[in-house]
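Chain by chain, the residues:
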Amino acid sequence: MIRTAIMMTFLMLTISFNSQAQTEKNTFEQKIYFEADPLAHINKGYSLHLGYENWGWRFDLTKVKVDFPTAFTDAFYGTKAFDLRTKINGIKIDYIGNRDNWIKGAFIGIDVNHQQLNFTHIDSQASEDLTALNIGLRAGYKFNLFKGFYITPWGAVWKNVTPDKTFSVGQDQVTTNQWDWIMTAHIGYAYTF
C-alpha cells in the first residue's frame, strides 16, 4: 500500500513537471507557509503544518497532538470507557494547478500519516498506545483573508493499512479503525519569494 502511494505521488509529480515544461510562460510562484488548526488547540493540543508550494503543487509536513473529548471517542470508536489522546506525524501532497493567486482556490491531494492513539481506560486508568498508518485522499479550498493570511477548510478520508489493534480492560475494549475521516479548517500565512 505504501509502495502504491509512493508510485501515485511519483506519477503525479512527473505529470506536473511535464506539463510545466510544455508551458511557454512560467507563472508559478514559490511560497512557504505555516498553518495551525484551532480545533486542536481548543482540545488541549496543537496542529502545526509547515509547507512549500511551487510547480502547481503543495507539500506539507504535519505534526499534531490532540486530547479528544469523550464524545469523540464514543462517536468514532463506539465506547465511552476510554479517553483518547492522539499524536500524528505526516505528509500531504496537494495538486493546486497553475493559477494567478495561490492564496485562494481548490486543491486535492494525498495525505499519509502515522498515528499514535493513546487510549486510557477511564475507570482503571490503564492505558495503551495503538498505532495506525493512514493513507488517504483530501480536498479543500483556500480563502484569502488579507496580506498572506488565509483560512483553509478541508476534509480527508483515510485507510489504515495496518492490521486492527485492540485494547481491552475487563469488559471494555476499543479497536483501531480501518477507515477514518476528518473535517477541519486551518488558519495559515504564506510568504511568496
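Structure first, text after, so check above.
Right, let's walk through the structure included here. The shown structure was predicted, so the numbers you read here are calculated from the model rather than taken from an experiment.

## Concerning the overall build of the protein
Working step 1: For the protein, the helix and strand inventory stands at three helices and ten strands.
Working step 2: Seen in sequence order, the protein has helices and strands lined up from the N terminus as α-β-α-β-β-α-β-β-β-β-β-β-β.
Working step 3: If you take every contact in the protein between residues at least 6 apart in sequence, the share linking residues at least 24 apart comes to 61%.
Working step 4: Summed over its atoms, the accessible surface of the protein is roughly 10,600 Å², and 63% of this surface lies on carbon and sulfur atoms.

## Digging into the packing of aromatic side chains
Working step 1: Enumeration according to the criterion identifies 14 aromatic pairs in this entry.
Working step 2: The interplanar angle of 70° and the centroid separation of 6.4 Å between the aromatic rings of Trp55 and Phe59 together place this pair among those described as edge-to-face.
Working step 3: For Phe59, a relative accessible area of 23% puts it in the partly exposed group.
Working step 4: Here a set of aromatic residues connected by ring pairs shows up, and it is made of Tyr52, Trp55, Phe59, Tyr191 and Phe193.

## Re empty space enclosed by the protein
Working step 1: Summed over the entire model, instances satisfying the criterion amount to one cavity of 30 Å³ or more.
Working step 2: Reported here for the largest cavity is a volume of approximately 50 Å³.
Working step 3: Tallied by class, residues from the lining of the largest cavity come to four nonpolar, five polar and one charged.

## With respect to the nonpolar core
Working step 1: In terms of nonpolar packing, the biggest core is built from 20 residues, with Tyr77, Phe82, Leu84, Phe119, Phe167 and Val174 touching the most fellow members.
Working step 2: Elements supplying a minimum of two residues to this core: β3 (57–68), β4 (82–95), β5 (105–121), β7 (149–160) and β8 (166–169).
Working step 3: Setting aside anything within four residues of it in sequence, one finds Val174 in contact with Tyr77, Thr79, Phe82, Phe119, Leu130, Lys165, Thr166 and Phe167.

## Side note on unusual backbone geometry
Working step 1: The residue Lys44 is not glycine, and still its phi comes out positive at about 55°.
Working step 2: Of note, Lys44 is situated in the loop between α2 (38–42) and β2 (46–54).
Working step 3: For Lys44, a relative accessible area of 68% translates into the label exposed.
Working step 4: The backbone of Gln125 shows a phi angle near 65°, a positive value even though the residue is not glycine.
Working step 5: Secondary-structure assignment places Gln125 in the loop between β5 and β6 (127–146).

## Quick word on the layout of surface pockets
Working step 1: By volume, the largest pocket is sized at about 520 Å³.
Working step 2: Lining the largest pocket are 30 residues, with Asp37, Phe68, Phe72, Ile182 and Thr184 positioned closest to its centre.
Working step 3: It is strand β10 (residues 179–192) that provides the largest number of residues to the lining of the largest pocket, a total of six residues.
Working step 4: Taken together, the residues of the lining of the largest pocket sort by class into 16 nonpolar, ten polar and four charged.

## Some details on the pairing of β6
Working step 1: Pairing between β5 and β6: 16 bridges, direction antiparallel. Across the sheet, residue Gln116 finds its bridge partner in β6, namely Thr131.
Working step 2: In terms of strand pairing, β6 meets β7 through ten bridges, oriented antiparallel. Bridge pairing links Gly136 to Trp158 in β7.

## Considerations on the sheet that holds β3
Working step 1: Reading around the circumference, β1-β2-β3-β4-β5-β6-β7-β10 is the order of the eight strands in this closed barrel, with antiparallel pairing throughout. Pairwise comparison of adjacent strand axes, ignoring direction, gives a mean angle of 25° for this sheet.
Working step 2: Bridge count for β7 against β10 is eleven bridges, and the pairing is antiparallel. Across the sheet, residue Tyr150 finds its bridge partner in β10, namely Gly188.
Working step 3: Relative to β4, helix α3 (residues 70–77) is tilted by about 70°, and along the sheet it contacts β3, β4, β5 and β10.

Criteria and cut-off values
Residues numbered from 1 in each chain as written. Predicted model: local features only at pLDDT ≥ 70, side-chain atom pairs only at ≥ 80, totals over all residues. Heavy atoms only, no water. Helix = DSSP H or I, 4+ residues; strand = E, 2+ residues; numbered from the N terminus. Contact = heavy atoms within 4.5 Å. Areas by Shrake-Rupley, 256 points an atom, 1.4 Å probe, with all protein chains shown as cover. Phe/Tyr/Trp six-rings, centres within 6.5 Å; stacked < 30°, edge-to-face > 60°. Buried < 20%, exposed > 50% of the residue type's maximum accessible area, 1.4 Å probe, protein only. 1 Å grid on protein atoms, 1.4 Å probe; cavity = no way out; pocket = protein on both sides within 12 Å on 5 of 7 lines; lining within 4 Å. Points joined across faces, edges and corners; volume = space filled by probe spheres on them. Nonpolar A, V, L, I, M, F, W, Y, C, P; charged D, E, K, R; others polar. Core = buried A, V, L, I, M, F, W, Y, C linked by side-chain atoms within 4.5 Å. Pairing = 2+ DSSP bridges. Axes fitted to C-alpha atoms, helices over the stretch in contact; angles between N-to-C directions.

Read these as layout, nothing more, since geometry by itself doesn't imply function.
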